[in-house]
Amino acid sequence: MRVGSGVDVHAFGPGDAVMLGGVRIAHSHGIVAHSDGDVLLHALVDALLGAAGLGDIGQHFPDSDARWKGADSARFLTATLQLLAQAGQRVVNADLTLLAEAPRIGPWRDAIRSNVARLLALPPGCVNLKATTTERLGFLGRGEGLAAMATVLIDAA
Ligand code: MG
């Protein structure tokens, strides 16, 4: 068994929705990003790559590559799962944490959890989603952006 962790941050910008775990959530701002800026999926991809010893998201999906402009981050996750499969590894569970003052994800928590579980081909009970503010401290507390952390366990398939 191998463990991996991932972190991602994106700034808010113009727009009316954010993508979180592949779910579109209406918000007062959008995300500044080359792809769709889904911090939960980006942190998850980095955790999976880390667990497998396969580097990081920037190496595999560089933001200098026009292929990934506006990309649905689910594509990054799908491609990463293929890399893990080639390495003879499967995902056991994932624990995700969103750090943001807003949007509050309570109403979408189950939808995000189910969607991430679907993308990982895991039962929803093997994917956990937590959320916290930073008590109004720092760039997250000022609502300048949002961040996510992910921890995963993988094992031989
Ligand atoms: Mg990112």
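Look above for the structure.
Note that the structure is predicted; figures quoted are calculated from it, not measured.

Rules of the game
Residues numbered from 1 in each chain as written. Predicted model: local features only at pLDDT ≥ 70, side-chain atom pairs only at ≥ 80, totals over all residues. Heavy atoms only, no water. Helix = DSSP H or I, 4+ residues; strand = E, 2+ residues; numbered from the N terminus. Buried < 20%, exposed > 50% of the residue type's maximum accessible area, 1.4 Å probe, protein only. Contact = heavy atoms within 4.5 Å. Pairing = 2+ DSSP bridges. Axes fitted to C-alpha atoms, helices over the stretch in contact; angles between N-to-C directions.

(A) Just unusual backbone geometry, in detail. The linkage connecting A102 with the following residue, P103, adopts the cis geometry, with an omega of 0°. Topologically, P103 is positioned in the loop between β5 (89-99) and α4 (109-120). Despite not being glycine, E135 shows a phi value in the positive range, around 55°. Note that E135 resides in the loop between β6 (127-132) and α5 (138-141). We note that R136 has phi near 65°; this positive angle belongs to a residue other than glycine. The exposed category is assigned to R136, whose relative accessible area is 64%.

(B) The arrangement of the environment of G37 in detail. By the element assignment, G37 lies in the loop between β4 (30-31) and α1 (39-52). According to the relative accessible area criterion, G37 is buried, its value standing at 2%. Through-space distance from the C-alpha of G37 to that of D8 is 9.4 Å; in sequence the pair is 29 residues apart. For G37, the contacting residues outside a window of four places in its chain are H10, M19, I31, H42 and S73.

(C) Main features of the sheet that holds strand β1 (residues 2-13). Ordered by their spatial adjacency, five strands build an open sheet running β4-β1-β7-β5-β6, and the pairing between neighbours is mixed. Either end of the sheet is taken by a strand with one partner, and the two such strands are β4 and β6. Sheet topology note: the β1/strand β7 (residues 145-156) ladder contains 10 bridges and is antiparallel. By the bridge assignment for β7, D8 is matched with A148. Against the sheet, α4 contacts β5 and β6, and its axis sits at roughly 140° relative to β6.

Geometric descriptors of this kind do not, in isolation, establish any biological role.
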